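Remarks on the overall topology
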Amino acid sequence: MTTPALSESMPQAVPPLFGTVLVANRGEIACRVIRTLRALGIRSVAVYSDADAGARHVREADTAVRIGPAAAAESYLSIGAVIEACRRSGADAVHPGYGFLSENVEFARALDEAGITFIGPRVEALNVMGDKIRSKTHVAGYDVPVVPGVARPGMTDAELVEAAAAVGYPLLIKPSAGGGGKGMHAVATPEELPATLATARRVAASAFGDDTLFLERLVTTPRHIEVQVLADNYGNVIHLGERECSLQRRHQKVIEEAPSPLLAGLPNGAEVRARIGEAACNAARSVNYTGAGTVEFLVSDEAPDEFFFMEMNTRLQVEHPVTEMVTGIDLVEWQVRIAAGEELTIRQSDVGLSGHAVEARVYAEVPEKNFLPSTGTVLLLDELPGPRQRPGAPPANEVATARGRVRVDSSLVDGLELSSSYDPMISKVIAWGADRTDALDTLDAALAGYTALGVHTNVEYLRLLINDPDVRAGRLDTGLIGRRMPELAFRRPDAFEFAAAALYAADHERQNTPPDPAGTAGPWQRKDGWRVGSPAPRRISVGTPDGGVATVAVGALEAPGDAAGKEHLRASVQVDGGPVRRAALHLSSRAAFRLELDGEGRDYSLAPVFTGPQAQSWLDPQPGPSALFLGNEGWSCRLEILTREARLERVLAAVQREEGAADPAVRSPMPGTVVSVPVRDGDTVQAGQVLLSVEAMKMEHQLLAPLAGTVHLTTAAGALVKADQVVATIHPLDDTNTPNELDGEGAQA
């Protein structure tokens, strides 16, 4: 069995459907749409903000137009800016991707008034399905089952609190205009509801410009199953099977697959698939839907024959590639063809599901730190299995493997600086196999080889997740990730990584120290550990990610080379006073090496960071690396090569901070905007109390008081903050001394 080729059911190419299409989006989805436009012979136009001037989608489009500053409200969410970009570029049509303006009714109307085709559904469908309250009420009249709840427009917090008792607990707060899990909150008890409603409204207003909320009964052990539909302007509506999206974090999908292992495991799975598919088609027919859309259902694991409508996404979904991989149908191509007036030539009987596909979303984030978004610069990139692409080659996005195929939809390029202004998802890795086991194994191997050094990613977490026994067995529900997180054992740097960093730094110093064959410099200027009798080990201090220091003693370096003429290093190493070990470092390229300690080996990718000033003396003609990013089997870390001053600073910080004592300084974990400050300067606060909230990468992060005391604020709502900036300081309650209450010498009489 082989994966279907995309577009094998497509009509033969005819003159371009549109002359020019503007892609009103960014990141990996913009690149993915541009790829299909190129295949159709359609000129593509990218739009970009100041933060995205060097982005991949800008480079891959035929032309690009700047639409504003980094803030999404002034660029990607600005209807006027996008319409003006259409006029300037001569675009006949706009593909909105997903997110941003993709489901905005006013945007669709503005395009229609400007005579520009919107590659998406009609305004009627956007209007009904874009409001979750209205859509639930609407589809209930078309034989589509819905979840019990309360969904009346314009309800106040007080009215929602009053209605909650009839809905029952636990319940779910959902933003009417939302999507992608943003602003959704689970509430277990009535006492939690008022404060959670306030947070949900704030997030909804910020993310969607609409703070309307509604309540739904929270289905226990729920599975999230959605159905892909295609519909044209001639009344033809089909579904392309289902996707399982039950592996979620904070209501955000992380792993998606097609078909659903739940339905595949049922004796009557084909019959349930037909029923849920027909319900999805009925939802689409109810609003005269056109184009590609997704109808999402909630299915109880305890009663898989029952399913409830959640919402219809009137756009392409992030997880659409898994459907493409098992059906061979290019959804973007059909979006374009239908928008251009073509009739859908695929009938329901033509749709078949071949094999299995699984997608993993790669985020720039730190799972260990509550999935804190990460910024940085991509220093080394290798996303597809097999040999790295040569520089300048057209980017490939899909390759065959031993047991299937791997596709990567990515926004990354070497040297790209990630902004904190946008969503932290940077790419998607999709694997196809003849069955689910093959697909998961292929995905695991692809993630093990995925390299994006310079930024923190969730790749290690994804590998842990897809190898969980319940995931492998198909026992999924939307709460599984939350239950597993406390049990996940994340890898930390050990002697291998510390030795590798020290050997690399020592060898860089060796190679960049000018030879002194005459010995004119004398022994006092030598940096190789020379001394009378035998050389002393070279001690290199390595800064660990947790703020600690690892000391590596490196013996005399030998660089004998090998049979292939490639240089490798040999030396003895001792980490933090432990046993002396024989080390060999084999450099296969400037970006890869193998390290062996006492015969045990690991393979690494490597990206050094050089930040020191150029030295003027021959004693240090080339500054060494200030840090190294190391990658191994999908895991990566950043290690600093410490100067004496930097080492001393870390050591003193450890001494001054008693074990278990809280740091009174509250720092922003990353660049962002302060969106709320519920305390006032000088207030007495308790440990764990919320001091302020910072929004970054479309997520709100609450910063808590580390200890009880008096708070001193150094920022305010609306302020922009930098990563690691001190935003508040807590003065402990027992710290009552003042300048007029001194003890001992200097006290006033």
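Turning next to the overall build of the protein chain. Summing up its helical and strand segments, the protein chain has 18 helices and 40 strands in all. Counting across all 749 residues of the protein chain, residues that qualify as buried make up 52%. Long-range pairs, those at least 24 residues apart, make up 64% of the contacts in the protein chain between residues at least 6 apart in sequence. For the protein chain, the exposed surface amounts to about 32500 Å²; the carbon and sulfur share of it is 51%.

The subject of this paragraph is the packing of aromatic side chains. Under the criterion given, the structure shown has six aromatic pairs. Between Phe297 and Phe307, the aromatic rings sit 5.4 Å apart at their centres with planes inclined by 85 degrees, giving edge-to-face as the arrangement. Of this pair, Phe297 sits in strand S13 (residues 291-300) while Phe307 sits in strand S14 (residues 307-313); the two residues are 10 residues apart in sequence, bridging distant segments of the chain. In textbook terms, an aromatic cluster arises when at least three aromatic residues are bridged by ring pairs, as seen for Tyr76, Phe100 and Tyr422.

Here the focus is the pairing of strand S7 (residues 171-175). Across the five residues of S7, five count as buried, placing the element largely inside the fold. Burial along S7 is two-sided: the face carrying Leu171, Ile173 and Pro175 and the face carrying Leu172 and Lys174 are both buried. As judged from the three bridges shared by S7 and strand S8 (residues 185-187), these two strands associate in the antiparallel manner. In the strand pairing of S8, Leu171 is matched with Val187. Pairing between S7 and strand S9 (residues 213-217): five bridges, direction antiparallel. Paired with Leu171 across the two strands is Arg217, which belongs to S9.

Here we take up unusual backbone geometry. In the segment running from Tyr169 into Pro170, the intervening peptide bond is cis, with an omega of -5 degrees. Within the element layout of this structure, Pro170 appears in the loop between helix H7 (157-167) and S7. Between Ala258 and Pro259 the backbone carries a cis peptide bond, its omega angle lying at -5 degrees. Inspection of the secondary structure puts Pro259 in the loop between strand S12 (252-258) and helix H9 (261-264). Positive phi is not limited to glycine here, since Asn288 has a value of about 50 degrees. Relative to the helices and strands, Asn288 is located in the loop between helix H10 (269-285) and S13. The phi angle at Asp576 is positive, at roughly 50 degrees, despite the residue not being glycine. Following the sequence through the fold, Asp576 ends up in the loop between strand S27 (568-575) and strand S28 (581-589).

Moving on, we get to the sheet that holds strand S33 (residues 665-667). Taken together, the four strands give an open sheet; going across it, the order is S33-S40-S38-S35, and neighbouring strands pair in antiparallel fashion. Where the open sheet ends on each side, the last strands, each with one partner, are S33 and strand S35 (684-685). As paired elements, S33 and strand S40 (residues 726-732) share three bridges and run antiparallel to each other. In the strand pairing of S40, Val666 is matched with Ala728.

Our next topic: the packing of H7 against helix H8 (residues 193-208). Interhelical geometry of H7 versus H8 gives an angle of 130 degrees and a closest axis separation of 10 Å. If you check the angle between H7 and H8, you find them oblique. As H7 packs across H8, the resulting crossing turns out to be right-handed. Between H7 and H8, the contacting residues are Asp157, Leu160, Val161 and Ala164 on the first element and Leu193, Pro194, Leu197, Ala198 and Arg201 on the second.

For the rest of this paragraph, the subject is the pattern of salt bridges. As enumerated under the stated definition, the model contains 53 salt bridges in all. Among the salt bridges present, the one from Glu226 reaches Lys253, with a minimum N-O distance of 2.8 Å. Of the two residues, Glu226 sits in strand S10 (residues 222-231) while Lys253 sits in strand S12, which places them 27 residues apart along the sequence. Taking relative accessible area as the criterion, Glu226 reaches 0% and is therefore assigned buried. Across the pair Asp598 and Arg581 runs a salt bridge, and its minimum N-O distance is 3.4 Å. Separated by 17 residues along the polypeptide, Asp598 in the loop between strand S29 (592-597) and strand S30 (600-609) and Arg581 in strand S28 bring together distant segments of the chain. For Asp598, a relative accessible area of 38% puts it in the partly exposed group.

Definitions and cut-offs
- Residues numbered from 1 in each chain as written.
- Predicted model: local features only at pLDDT ≥ 70, side-chain atom pairs only at ≥ 80, totals over all residues.
- Heavy atoms only, no water.
- Helix = DSSP H or I, 4+ residues; strand = E, 2+ residues; numbered from the N terminus.
- Buried < 20%, exposed > 50% of the residue type's maximum accessible area, 1.4 Å probe, protein only.
- Contact = heavy atoms within 4.5 Å.
- Areas by Shrake-Rupley, 256 points an atom, 1.4 Å probe, with all protein chains shown as cover.
- Phe/Tyr/Trp six-rings, centres within 6.5 Å; stacked < 30°, edge-to-face > 60°.
- Pairing = 2+ DSSP bridges.
- Axes fitted to C-alpha atoms, helices over the stretch in contact; angles between N-to-C directions.
- Parallel < 35°, antiparallel > 145°, perpendicular 65-115°, else oblique.
- Left-handed = near helix turned anticlockwise from the far one by under 90°.
- Salt bridge = Lys/Arg side-chain N within 4 Å of Asp/Glu carboxyl O.

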